[in-house]
Each structure stands twice: as C-alpha cells, then as structure tokens.
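Close look at the chain arrangement
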Protein chains: 2
Amino acid sequence: MQNRIADLLKKNQLSITDSRKKILELFQNAGGALAHSDIEKMSGEHFDRVTIYRTLQTFVEKGIIHTIPTVDNSVLYALCKDECSAGHHHDNHVHFICDDCGTTYCLDHVLIPKVELPLGFTEKQTDLVVSGTCKNCN
Amino acid sequence: MQNRIADLLKKNQLSITDSRKKILELFQNAGGALAHSDIEKMSGEHFDRVTIYRTLQTFVEKGIIHTIPTVDNSVLYALCKDECSAGHHHDNHVHFICDDCGTTYCLDHVLIPKVELPLGFTEKQTDLVVSGTCKNCN
DNA sequence: TTTGTTTTGCAACTATGTTGCAAACGATTA
DNA sequence: TAATCGTTTGCAACATAGTTGCAAAACAAA
Ligand SMILES: [Mn+2]
Ligand SMILES: [Mn+2]
Ligand SMILES: [Zn+2]
Ligand SMILES: [Zn+2]
C-alpha cells in the first residue's frame, strides 16, 4: 500500500518526499527494529547520511517511530503503534534482542511491570530490554 | 583505604598501576555511575583516552565494574558488588537515572521482575532502567 | 638489580552524529 | 500550468566516541 505511507505522512503534517517515503517503507517491510546504518545500506546509498538522521529525528518527534535502548549502546528505531502521537508515546512494552540473529522485536503485548522504587524516587519512564534467543533461532 | 584498592586489583590478578588505582578511586568516591568522559575530566587529564578505554574494558571483563544501558545512548559504568566476578555478573538490579541532576543510581535492592515472554523466546539477560526524579531532587 | 611481561601513550584511523548554508524540492495559490 | 514561498536536502566542515599497531615505560618476579 503506497497510499498508507503517504497518508501517514500527511496525517503528521509532513511533506511527502522521496526519503521519507523510502524510509517508512523500509520500516514497514522490516517488521523489526532498524539502526541508522541498516537504513543507510538498505536505501541503496541514495540519501545523504544527514538526511537519514534528520528524517529519523522528525519521525521520532512526530511519534511515528520510537527509539529502543540497547545494551551494546547502539540506537535502534521501530514503528510506533497507531495510538502514538507527537509527545505522547505509548511505548510501555518490552523489547527483545536476539543474541543469535540480532533481530530486535517490539513485544507489544508484554507490558513493563511496575517496580517499587526506594522512598524519594519518582518514576517517569521505564525501559526494559531482554536479550536471549528468539523464536526463529530456538 | 588505599589498600582496599590495591587488594581488589590483586584479587583480580591485575598489576597495580597508577591509572587503575586512580580510576578505581574515582568510582569509590563517586558512589554513582560514571561515564568515560567523567573519568577523563576527573582524573585531571593525566591519562590518555586510550588508557581509560582499556582500563574500563579490563574492569568490566574482570567483573569489577558493570555497564549500564541508558536511554540517551551513552555508556555508563558503576562498581559491581563483591559477589561479581569475571564472566559471572550478578547485575539483576534496577538502574535509575535522574532527569534533573543526571546522577545514575544502582538500586541494588530493587530486583528486576521476571517477564513472561511469548512462546519460543528464551531470556538470557534483562535490563531495566527507570528515569525520573531522584531523592535529592524531589 | 636484572629480566620478561604487561601496560601505557602516541599516532593514525574508523564510526557516529551535528551544524550552517545554498540549491532543490514540494505544497499552495493564482 | 506556472509562480511563489516555506521546507527539505546534500554538501562541507566539524565534533565526539571508540579502535588498532607499535615502541617506550612501568610492573612483577626472581
Ligand atoms: Mn517498541
Ligand atoms: Mn548497577
Ligand atoms: Zn534470532
Ligand atoms: Zn537527581
């Protein structure tokens, strides 16, 4: 569906450009999470590095994608669910990174449990990343 | 206790050098977690960047310090508890990052809850990072 | 103190991310 | 369809983070 992509951009008041369309397409086909370098390679070296950085930034701000913290200190991005919008993410789900194949999954149905913090500490955001072996590699 | 530091190095079969002593000392005084750049500044620009990288790497391998994943994609290090040893970390505790003062805490007494993964996924390691406001900033 | 091993500092390099600016592009309106 | 105007892009230049090879220095053991 090419129109899905255009509609998503319009809905977020973003002009429809080649790089935005292509990068969104990559996310929809990938299923899992992508790193900046993945996109650089998969886009066929068409777009400037800077453009990709700026596009990802824009998408994060608009709530189209979200970042995933990883243990090895690399930045990953994945599509947000429809309920997300600018400044109002609903990313309270667990992320899973497979040590074998490297795929990162958004486990949308596995919610992050509440943790009891010591007195005086107040929570604003919680990130939970599990690593191990995924269903394909087991 | 200067001897504590030397003993810790000996116990891990590491030769006792100025940089290792100084960096361990910084961790013991800091209480919280430190970034590579913190150490670079706090050590009085004495040691080469490369030496600091290699020292931190060595300490992680020996189980003297552990890394903390952060949402903003920076690497933090903190002292391990005594039970940790090379290849056998007991870092199943929650980490807390204060949005106000930037301090990162190891909440050694707050354990990471088990999460139910979908069928086929097996856990090996779980990291949980909470951000918000710490006891000093509240 | 001598010896052999480990660690350090330096230089050079790769990777990752940011900024300013002019040219190209996209949306809108005539 | 063409003109206009704001947005987006690519480029160059820069900044920061991290890695590697190698010779000199420091350390541990004898
Ligand atoms: Mn996700
Ligand atoms: Mn910790
Ligand atoms: Zn896998
Ligand atoms: Zn604080």
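Higher on the page you've got the structure.
Report on the accompanying structure. (Residues numbered from 1 in each chain as written. Chains lettered and ligands numbered in written order. Predicted model: local features only at pLDDT ≥ 70, side-chain atom pairs only at ≥ 80, totals over all residues. Heavy atoms only, no water.)

Looking at the environment of R49 of chain A
Residues and elements named next belong to chain A. Summarising the element assignment, R49 is placed in helix 4 (residues 49-62). R49 sits in the partly exposed class, given a relative accessible area of 46%. In this structure the C-alpha to C-alpha distance between R49 and S37, which are 12 residues apart in sequence, comes to 9.0 Å. Here R49 is in contact with H36 and E40, once residues within four sequence places are set aside. (Helix = DSSP H or I, 4+ residues; strand = E, 2+ residues; numbered from the N terminus. Buried < 20%, exposed > 50% of the residue type's maximum accessible area, 1.4 Å probe, protein only. Contact = heavy atoms within 4.5 Å.)

Looking at the protein's contact with DNA strand C
Neighbouring DNA strand C are 18 residues; T17, S19, R20, T51 and R54 of chain B lie closest to it. Taking all atoms of DNA strand C within 4 Å of the protein, the share assigned to sugar and phosphate is 61%. Measuring from a phosphate oxygen of DNA strand C, one finds a side-chain N or O atom of T17 of chain B at 2.8 Å. Between DNA strand C and R54 of chain B, the relevant distance is 2.6 Å, taken from a base oxygen to a side-chain nitrogen or oxygen of the residue. Where the surface near DNA strand C is concerned, the elements lending two or more residues are helix 4 of chain A together with helix 2 (18-30) and helix 4 (49-62) of chain B. When residues of the surface near DNA strand C are assigned to their parent elements, the largest contribution, 5 residues, is made by helix 4 of chain A. A breakdown of the residues in the surface near DNA strand C according to their chemical character gives 5 nonpolar, 8 polar and 5 charged. (Near = heavy atom within 4 Å. Polar contact = N/O pair within 3.5 Å; in protein donor to acceptor, adjacent residues only side chain to side chain. Nonpolar A, V, L, I, M, F, W, Y, C, P; charged D, E, K, R; others polar.)

Describing the coordination of the zinc ion (ligand 3)
All names here are of chain A. Around the zinc ion (ligand 3), the protein supplies C98 (SG), C101 (SG), C134 (SG) and C137 (SG) as donor atoms, at distances of 2.2 to 2.5 Å. For the zinc ion (ligand 3), the 4 donor atoms in the first shell make angles of 104 to 119° at the metal, a pattern classed as tetrahedral. Going along the chain, you hit the donors of the zinc ion (ligand 3) in the pattern C-x2-C-x32-C-x2-C. (Donors = N, O, S within 2.8 Å, 3.2 Å for Na, K, Ca; no water. Tetrahedral: all angles 85-135°; square planar, octahedral: opposite > 155°, others 65-115°.)

So, the environment of L117 of chain B
In this fold, L117 of chain B is placed in the loop between strand 5 (104-111) and strand 6 (122-133). Between the alpha carbons of L117 of chain B and K21 of chain B there is a distance of 42 Å; along the sequence they are 96 residues apart. L117 of chain B has contacts with F96, L107 and V130 of chain A together with T122 and E123 of chain B, leaving out every residue within four places of it along the chain.

What about the sheet that holds strand 6 of chain B?
Backbone hydrogen bonds hold the strands of a sheet together, and the pairing may be parallel or antiparallel. One open sheet holds the 6 strands; their spatial order is 5(A)-4(A)-6(A)-6(B)-4(B)-5(B), and the pairing between them is mixed. Each edge of the sheet is formed by a strand with only one pairing partner; in this case those strands are strand 5 (104-111) of chain A together with strand 5 of chain B. Averaged over all neighbouring strand pairs, the angle between strand axes comes to 30°, with direction disregarded. Relative to strand 5 of chain A, strand 4 (residues 93-98) of chain A runs antiparallel, the two being bridged by 5 bridges. Paired with H93 of chain A across the bridge in strand 5 of chain A is L111 of chain A. (Pairing = 2+ DSSP bridges. Axes fitted to C-alpha atoms, helices over the stretch in contact; angles between N-to-C directions.)

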